Amino acid sequence: MASGDVEDFIEQNRQLADLVETFRTISESEKHWKSRREFILRNINDYEDPHLDHLLALSMVWANNVFLGCRYSQDLLEKVQGMAEGVVVEDAPVFKTRDEIMKQQKQSY
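- Looking at an unreviewed UniProt entry, one finds the protein named XRN2-binding (XTBD) domain-containing protein, with Coilia grayii as its source organism.
- Among the UniProt annotations of the protein, the heading Sequence similarities (unreviewed entry) holds the following wording: "Belongs to the CARF family."

**Structural notes on the overall build of the protein**
Okay, step 1: Summing up its helical and strand segments, the protein has 6 helices and 0 strands in all.
Okay, step 2: Along the protein, from the amino end to the carboxyl end, the secondary structure elements read α-α-α-α-α-α.
Okay, step 3: For the protein, the proportion of its 109 residues judged to be buried stands at 33%.
Okay, step 4: Pairs at least 24 apart in sequence give 53% of the contacts found in the protein among residues at least 6 apart.
Okay, step 5: Surface accessibility of the protein: about 7500 Å² in total, with carbon and sulfur atoms responsible for 49%.
Okay, step 6: Charged side chains in the protein number 13 positive and 20 negative. The centres of these two groups are separated by 11 Å.

**A few points about the side chain of Glu28**
Okay, step 1: In this fold, Glu28 is placed in the loop between α2 (14-21) and α3 (30-43).
Okay, step 2: A polar side-chain atom of Glu28 sits 2.8 Å from the main-chain amide nitrogen of Thr25.
Okay, step 3: Here Glu28 is in contact with Phe23, Trp33 and Arg36, once residues within four sequence places are set aside.

**Focus on the nonpolar core**
Okay, step 1: One finds Val20, Phe23, Phe39, Ile40, Leu55, Trp62 and Val80 to be the most contacted residues of the largest nonpolar core, which totals 26 residues.
Okay, step 2: Elements supplying a minimum of two residues to this core: α1 (3-12), α2, α3, α4 (52-68) and α5 (74-83).
Okay, step 3: For this core, the element with the highest residue contribution is α4, accounting for 9 residues.
Okay, step 4: Every residue in contact with Ile40, bar those within four places of it in the chain, is listed here: Val20, Phe23, Trp33, Leu55, Leu56 and Ser59.

Definitions and limits used
Residues numbered from 1 in each chain as written. Predicted model: local features only at pLDDT ≥ 70, side-chain atom pairs only at ≥ 80, totals over all residues. Heavy atoms only, no water. UniProt positions renumbered as here; feature names shortened; annotations may be inferred. Helix = DSSP H or I, 4+ residues; strand = E, 2+ residues; numbered from the N terminus. Buried < 20%, exposed > 50% of the residue type's maximum accessible area, 1.4 Å probe, protein only. Contact = heavy atoms within 4.5 Å. Areas by Shrake-Rupley, 256 points an atom, 1.4 Å probe, with all protein chains shown as cover. Lys, Arg positive; Asp, Glu negative; His and termini not counted. Charge placed at Lys NZ, Arg CZ, Asp CG, Glu CD. Polar contact = N/O pair within 3.5 Å; in protein donor to acceptor, adjacent residues only side chain to side chain. Core = buried A, V, L, I, M, F, W, Y, C linked by side-chain atoms within 4.5 Å.

Structure follows, in structure tokens:
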């Protein structure tokens, strides 16, 4: 969904959109929330009650990986990356592991 598509979907599905808005955490920036909300909206039909908590946990895994650089198992990351296909995050931070930094420093000597 492009940004306009998300807004159109929200307008056409106000009750669902209102429910999803209740999932925003107090610490989420607008940018962070818009991306995670799109992730949730893209996948909510696959995780209806009683599995909605599972979707919310997966959305946090995805957002924490993208915005904070948190690391998870390869299987879990592949799952959430597949679920997030098409979600565009503008100006996403780029993270390097300690090993990548050390390797880069050794190469510069």
